[in-house]
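Topology and contacts: notes
Single-letter residue listing:
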Protein chains: 2
Amino acid sequence: MNIGQDAYKVTWLVRRLFRAMAESADSYLGNNGLTAADRAVMEFLYPDTRLTVPDIARRYQVSRQHVQVTVNRLLDTELLINVENPRHKRSSLLRLTQQGRELFASIRRHEGALLDDIFAGLKPEEVAVTRRTLETLLGHFLETHHD
Amino acid sequence: MNIGQDAYKVTWLVRRLFRAMAESADSYLGNNGLTAADRAVMEFLYPDTRLTVPDIARRYQVSRQHVQVTVNRLLDTELLINVENPRHKRSSLLRLTQQGRELFASIRRHEGALLDDIFAGLKPEEVAVTRRTLETLLGHFLETHHD
DNA sequence: TTGATAATGACAACTTAATTGTCATTATCA
DNA sequence: TGATAATGACAATTAAGTTGTCATTATCAA
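Values in this document were obtained by computation on a predicted structure and should not be read as measured data.

About the thresholds
- Residues numbered from 1 in each chain as written.
- Chains lettered and ligands numbered in written order.
- Predicted model: local features only at pLDDT ≥ 70, side-chain atom pairs only at ≥ 80, totals over all residues.
- Heavy atoms only, no water.
- Contact = heavy atoms within 4.5 Å.
- Buried area = accessible area lost by both parts, 1.4 Å probe.
- Salt bridge = Lys/Arg side-chain N within 4 Å of Asp/Glu carboxyl O.
- Polar contact = N/O pair within 3.5 Å; in protein donor to acceptor, adjacent residues only side chain to side chain.
- Helix = DSSP H or I, 4+ residues; strand = E, 2+ residues; numbered from the N terminus.
- Nonpolar A, V, L, I, M, F, W, Y, C, P; charged D, E, K, R; others polar.
- Core = buried A, V, L, I, M, F, W, Y, C linked by side-chain atoms within 4.5 Å.
- Buried < 20%, exposed > 50% of the residue type's maximum accessible area, 1.4 Å probe, protein only.
- Axes fitted to C-alpha atoms, helices over the stretch in contact; angles between N-to-C directions.
- Parallel < 35°, antiparallel > 145°, perpendicular 65-115°, else oblique.
- Near = heavy atom within 4 Å.
- Phe/Tyr/Trp six-rings, centres within 6.5 Å; stacked < 30°, edge-to-face > 60°.
- Lys NZ or Arg CZ within 6 Å of the ring centre and 35° of its normal.

**Notes on the interface of chain A and chain B**
On the side of chain B, 50 residues touch chain A, which itself brings 50 residues to the contact. Each partner contributes to the roughly 5400 Å² buried at the junction of chain A and chain B, and carbon and sulfur atoms together form 75% of this total. Counting the contacts that link chain A with chain B gives four salt bridges. The salt bridge involving E135 of chain A is made with K9 of chain B; its shortest N-O contact spans 3.4 Å. Inspection of the region where chain A meets chain B yields eight residue pairs in polar contact (both at pLDDT 80 or more). At the level of secondary structure, the elements contributing two or more residues to the side of chain A that touches chain B comprise α1 (3-31), α2 (36-45), α5 (98-119) and α6 (124-144) of chain A. Looking at which element gives the most residues to the side of chain A that touches chain B, the answer is α1 of chain A, with 21 residues. For the side of chain A that touches chain B, a count of residues per class yields 26 nonpolar, eleven polar and 13 charged.

Encoded structure:
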């Protein structure tokens, strides 16, 4: 019974957990001089994917101008480099530098350790159920709001 | 097995679901000329709680100046009224007007219907497991990041 | 009771992470 | 080839906050 109570609480928890996760991420990314947008861009390129700015913008679902600014900052700090794009002269491909790849790998390790800690003690089946439930919810949310 | 994969996916889903929920909320709140901050403030006062601006700021964990602006807007649109504060002459208590209470109730009904839709088809046990899992995660996140 | 300290509302400036608009340049394709 | 679309750069704007400051008003310890 009372699925309504649990349903409401689940949505509340999603909101609260998002905030807690964002704070935690801001803190360890900030220690490396990165923003959340930097991390997102780097994730698209890790470990050795080559994409243009508009490619990343389409995948990240964010304006290309915003990605451009983020990418330019990462080029300045030499976490990314331009590589020639055979398909387009002006729009070069972006690639992680060795330094960028190592930094992202260390971020991944940090996140992995954090998750291990945080998920320790939960039963695998419970986590699997949670995953499936959230996937279902996301599906419904996206189709209800159809975007 | 692979709790690691599920763990990572759960955190991804929390982020994605948060965005989907926020978009959906912005859309129906916007239809009523409200922002997310307006809704949050109204929730603290619903159905008939009386709080001052600094009280709300402390509970909402947000600066009192920001709450002040939000509250002033809600006073302008007559969704809130000031009532005298026996404990403080300058800092009056805030209360929902009849109109404000009705609007918030209708928002609640809308949200309830949306949740019923979205959670229909999920088994109550699954939702309960999800709730407990997310509660555990939140607990760990808060103590790990200790705030 | 008073006098130092804290709380409050108002206002302004700033911040962050984004968006939208515009331009010149360069690609693409019918 | 010529119209249309894509790209990078730059600027202005936006949303939802924060921080700083001021004058006023409370509160509390001596």
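**A short note on the nonpolar core**
Core analysis: the largest hydrophobic core is formed by 55 residues, its most contacted members being F119 of chain A together with F119 of chain B. Core analysis: the next-biggest nonpolar cluster, separate from the first, contains 21 residues, M42, L51, V53 and L79 of chain A among them.

**Section: the packing of helix α2 (residues 36-45) of chain B against helix α4 (residues 64-76) of chain B**
Residue and element names in this part refer to chain B. Here α2 crosses α4 at 85 degrees, and the two axes come no closer than 10 Å. Viewed along their axes, α2 and α4 adopt a mutual orientation that is roughly perpendicular. Each of A37, D38, V41 and M42 in α2 lies in contact with α4, whose residues at this interface are H66, T70, V71, R73 and L74. Among the residues forming the contact of α2 with α4, the class breakdown is five nonpolar, two polar and two charged.

**Digging into the protein's contact with DNA strand D**
Surrounding DNA strand D, one finds 21 residues, the nearest of these being R64 and R90 of chain A together with S63, K89 and R90 of chain B. Of what DNA strand D places within 4 Å of the protein, 68% of the atoms are sugar or phosphate. Between N72 of chain A and DNA strand D, the recorded distance is 3.4 Å, taken from a side-chain N or O atom to a phosphate oxygen. Within the side chain of S63 of chain B, a nitrogen or oxygen atom sits 2.5 Å from a phosphate oxygen of DNA strand D.

**Some points on the packing of aromatic side chains**
The tally for this structure, following the rule as stated, stands at five aromatic pairs over all chains. Ring geometry for Y46 of chain B and F104 of chain B: centres 4.8 Å apart, planes at 45 degrees, overall tilted. Of the two residues, Y46 of chain B is situated in the loop between α2 and α3 (53-60) and F104 of chain B in helix α5 (residues 98-119); the sequence distance between them amounts to 58 residues. Judged by relative accessible area, Y46 of chain B falls into the partly exposed class, the value being 26%. Between the NZ or CZ atom of R108 of chain A and the centre of the ring of Y8 of chain B, over which it lies, the distance is 5.7 Å.

**Observations regarding the protein's contact with DNA strand C**
The immediate surroundings of DNA strand C are formed by 22 residues, with S63, K89 and R90 of chain A together with R64 and R90 of chain B found nearest. Among the atoms of DNA strand C lying within 4 Å of the protein, the sugar-phosphate backbone contributes 67%. Contacts to DNA strand C include S91 of chain B, whose side-chain N or O atom sits 2.9 Å from a phosphate oxygen. Taken together, the elements giving at least two residues each to the surface near DNA strand C come down to α4 (64-76) of chain A together with α3 and α4 of chain B. The dominant element in the surface near DNA strand C, judged by the number of residues it contributes, is α4 of chain B, at four residues. Along the lines of polarity and charge, the residues of the surface near DNA strand C split into four nonpolar, eleven polar and seven charged.

**Details of unusual backbone geometry**
A negative phi angle characterises most non-glycine residues, just as the trans form characterises most peptide bonds. A cis amide bond links Y46 of chain A with the next residue in sequence, P47 of chain A, at an omega value of -5 degrees. With respect to the helices, strands and loops of the structure, P47 of chain A is situated in the loop between α2 and α3 (53-60). We note that Q61 of chain B has phi near 60 degrees; this positive angle belongs to a residue other than glycine. Here Q61 of chain B is to be found in the loop between α3 and α4. A positive phi angle, close to 60 degrees, is found at E78 of chain B, a residue other than glycine. In this fold, E78 of chain B is placed in the loop between α4 and β1 (80-83). When its relative accessible area of 53% is taken as the criterion, E78 of chain B is described as exposed.

Purely geometric stuff here, so don't read any function into it on its own.
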